[in-house]
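Notes for the structure review
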Amino acid sequence: MSTTRQLEIGLSSGRSGTGPATWGQQAIWDTVRGLGPADAPRYNVSLAAPVDPGVPLAPVLDALGQLLELHDSLHTRLTQDDDGRLRQTVDGAGRLTVHVRQCADGEQAAAGRQQLAELAGQPFDVAREWPLRVGLVESGGLVRHLAFVLSHTAADAWGLRRLATDLTAIVLGDTPQALGERFPALQPLDEAAFQAGDRGRRRDAAARQHWQRKLALGPERLFPAPAPGAAAKPFPNAVLNSPALARAVPMVAAGHRVSPSSVLLAAASAMTARLSGAPDALLQVVVNNRFLPGLAHAVSTVAAEGLFRLPDAGGEFTDVLRRTHAASLATYRSAYYDKRLLDQDVAVLAERDGVVADRSCFFNDTRDLMPAEPDAGAEQGAPAGPLDRERARTTLSWPVEFTPRANVSYALDAVRAPGALELSMTADSAVLPRSGMERFLYGMEELVIAAALAPGLG
């Protein structure tokens, strides 16, 4: 049995101002506004974690107030101009509701899960409310669980991780001023000003030119199109949990002097080519853009898709891997742009050429959002065996189905899991049926493990 009460924390002297929205704010708002109230919450970003050891409620509330002072995105509202463009308003004062749930000892985890589901399951009205919800679970006089839910217009997953890190630091005695000096970051109004300036416009133009070059060379279709008039079906989600892959990826990366993300992107590209029959892989790759000046520690939405093309992706894997690493660098540099202008570019290409290259396959490496785990075998209480035998511990599950997504053949996430690496794929079963999804995921695992076991690696 649990009870919930609502408390308020105040902001009285925060930064304030108005200005155009950032590219990230505008892109997410454009995406979410076309969804109904039932679908919009799936674009919320959330984080929940136990608080161990527990912390008294008062210092947590105080730290939350200081967090509002540190990050402008938490007290920013978005409204639409007459021309359809967004403007952001940073409120210098206001109050935020904090939802505090009281429960008995031993019920904290269940109460935290229920609270997160309730807070995350509601859309945000970003014109009228701040884009943040906070839930706390209190037991025995101490806060035992924390939940953050943000509108995606306020932060992406990398910004959310920064938010949790800063809250922990403040609870432990840091100040917003010290954190701001130690981890300087562009606030959204500052980022929008950069984007509107000469340097920002040049970066935007260069990124969109990269997209246009890749689109001109990419295949019209990767996987065969669904039959005309076929009824849309739910998109299944497959999750491959592989302790062996968690070990093999860093081995291959070190042995071939590439990044771990390049290893997974190369494997995804190779399986895309092999299963689709198209010689080239063309993927939209989510890039966190945190390597750009001023954005490393930003709590805002700066992640975006870069367009990655790899010719002859179905060839010998070590060659695919080498070329993937080189091609991915250009993709990362070209993932910071004004999406509205890019959409206009794509429309011009479609009108001129009649077709535009397939952009329906997505790859997102989210492993950096979770702390590194110990060795896969040690994590599960047993010594890790030979890598070629570790595959026996791989599992494939089908946890959920999603509503159909427009212009998506598949979306593939790489996720860090306890003692393992997970590949989570959601796909249009009319394009890539469950058997194809299974071949894709096991094929990625096989490619990487075979490369790790190759003679002379490292």
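Presented here is a report on the structure given in the accompanying data block.

Rules behind the numbers
Residues numbered from 1 in each chain as written. Predicted model: local features only at pLDDT ≥ 70, side-chain atom pairs only at ≥ 80, totals over all residues. Heavy atoms only, no water. Phe/Tyr/Trp six-rings, centres within 6.5 Å; stacked < 30°, edge-to-face > 60°. Helix = DSSP H or I, 4+ residues; strand = E, 2+ residues; numbered from the N terminus. Buried < 20%, exposed > 50% of the residue type's maximum accessible area, 1.4 Å probe, protein only. Lys NZ or Arg CZ within 6 Å of the ring centre and 35° of its normal. Axes fitted to C-alpha atoms, helices over the stretch in contact; angles between N-to-C directions. Left-handed = near helix turned anticlockwise from the far one by under 90°. Contact = heavy atoms within 4.5 Å. Nonpolar A, V, L, I, M, F, W, Y, C, P; charged D, E, K, R; others polar. Pairing = 2+ DSSP bridges. Lys, Arg positive; Asp, Glu negative; His and termini not counted. Salt bridge = Lys/Arg side-chain N within 4 Å of Asp/Glu carboxyl O. Polar contact = N/O pair within 3.5 Å; in protein donor to acceptor, adjacent residues only side chain to side chain. Core = buried A, V, L, I, M, F, W, Y, C linked by side-chain atoms within 4.5 Å. Expected span 1.5 Å × (residues − 1). Arc of directions from axis to C-beta.

Bringing the packing of aromatic side chains into the picture now. Under the criterion given, the structure shown has 4 aromatic pairs. Aromatic side chains F223 and Y410 sit 6.3 Å apart centroid to centroid with 80 degrees between the ring planes, which places their arrangement in the edge-to-face category. Taken together, the residues span a long stretch of sequence, with F223 in the loop between α7 (198–217) and β9 (235–242) and Y410 in strand β14 (residues 410–417) at a distance of 187 residues. For Y410, a relative accessible area of 1% translates into the label buried. Put simply, the rings of F223, Y410 and F440 touch in pairs and so form one group of aromatic residues. Here the guanidinium or amino end of R405 rests over the ring plane of F402, the centre of that ring lying 4.8 Å away. Lying over the aromatic face of W398, R434 brings its terminal NZ or CZ to 4.7 Å of the ring centre.

It is worth spelling out the packing of α7 against helix α11 (residues 339–353) at this point. Look at α7 against α11: their axes get within 10 Å of each other, and the N-to-C directions meet at 35 degrees. Regarding α7 and α11, the two cross each other, and that crossing is right-handed. Contacts between α7 and α11 involve R201, D204, R208, W211, Q212 and L215 on the former and, on the latter, L341, L342, D345, V346 and L349. A breakdown of the residues in the contact of α7 with α11 according to their chemical character gives 6 nonpolar, 1 polar and 4 charged.

The mixed open sheet is built from 5 strands, whose spatial order is β1-β6-β7-β8-β3. Strands with a single pairing partner mark the edges of an open sheet, and in this sheet they are β1 (3–11) and β3 (45–55). Within the sheet, the average angular offset between the axes of one strand and its neighbour, ignoring direction, is 20 degrees. Pairing between strand β7 (residues 132–139) and strand β8 (residues 142–150): 8 bridges, direction antiparallel. Along β8, the bridge assignment pairs L132 with L150. Most of the contacts of helix α3 (residues 108–120) go to β7, to which it runs at about 160 degrees, and overall it touches β3, β6 (94–102), β7 and β8. Here helix α4 (residues 157–171) sits on the sheet and contacts β3 and β8; the angle it forms with β8, its principal contact strand, is near 150 degrees.

A word on the side chain of R133. Tracing the backbone shows R133 in strand β7. Of the side chains bearing the opposite charge, E129 lies closest to the buried R133, which forms no salt bridge; the N-O distance is 4.1 Å. Reaching out from R133, the side chain makes a polar contact with the backbone oxygen of Q122 at a distance of 2.9 Å. A distance of 2.7 Å separates a polar side-chain atom of R133 from the backbone oxygen of P123. Ignoring any residue separated from it by four or fewer positions in sequence, one finds R133 in contact with N44, L119, Q122, P123, F124, A147, F148 and V149.

Here we come to the sheet that holds strand β12 (residues 361–365). If you trace the 7 strands from one edge of the open sheet to the other, you get β11-β10-β12-β14-β15-β9-β13, paired in mixed fashion. For this open sheet the edge positions go to β11 (304–310) and β13 (395–402), each flanked by a neighbour on one side alone. Each strand axis lies, on average, 25 degrees off the axis of its neighbour in the sheet, ignoring direction. Relative to strand β15 (residues 420–427), β9 runs antiparallel, the two sharing 6 bridges. Note that in β15 the partner of L240 across the bridge is L423. Sheet contacts for helix α8 (residues 243–256): β9 and β15; angle to β15, the most-contacted strand, approximately 105 degrees.

Our focus in this paragraph is the side chain of E138. One can find E138 in strand β7. The exposure class assigned to E138 is buried, which follows from its relative accessible area of 8%. Within polar-contact distance, the side chain of E138 engages the side chain of R5 at 3.4 Å. Setting aside anything within four residues of it in sequence, one finds E138 in contact with R5, L57, V100, R101, Q102, C103 and V143.

Right, let's talk about the pattern of salt bridges for a bit. Taken as a whole and assessed by the stated rule, the structure comprises 25 salt bridges. Between E8 and R95 there is a salt bridge, with its nearest N and O atoms 2.8 Å apart. Here E8, found in strand β1, pairs with R95, found in strand β6; they are 87 residues apart in sequence, far enough to count as distant. Of the charged contacts, one joins E401 and R434 as a salt bridge, the two residues approaching to 3.0 Å between their closest N and O atoms. Here R434 lies in helix α14 (residues 434–453) and E401 lies in strand β13, a separation of 33 residues in the sequence.

Nonpolar side chains tend to gather and get buried jointly when the protein is soluble and globular. If you look at the biggest cluster of nonpolar residues, it comprises 64 residues, and the most contacted ones within it are L283, Y410, L412, L423, M425, F440 and M444. At 10 residues, the largest contribution of residues to this core is made by helix α9 (residues 260–276). Those residues in contact with F440, other than ones at most four positions away along the chain, are A268, M271, T272, L275, Y410, L412, M425 and L432. Residues L70, A154, L179 and V299 belong to the second largest nonpolar core, which totals 33 residues.

This paragraph deals with α3. With 13 residues, α3 extends 18 Å from end C-alpha to end C-alpha; this agrees with the ideal 18 Å at 1.5 Å per step. Among the residues of α3, those classed as buried are Q108, A111, G112, Q115, L116, L119 and A120. The buried residues of α3 occupy an angular sector of 150 degrees when the element is viewed end-on, so they sit on one face. Among the exposed residues of α3, those pointing more than 90 degrees away from its buried face are R113 and A117. Here the buried face of α3 lies against β3, β6, β7 and β8.

Turning next to the environment of A335. For A335, the location among the structural elements is in the loop between α10 (317–333) and α11. Taking relative accessible area as the criterion, A335 reaches 0% and is therefore assigned buried. Separated by 29 residues in sequence, A335 and G306 place their C-alpha atoms 4.4 Å apart. The contacts of A335, once residues within four sequence positions are left out, are V287, N289, A304, E305 and G306.

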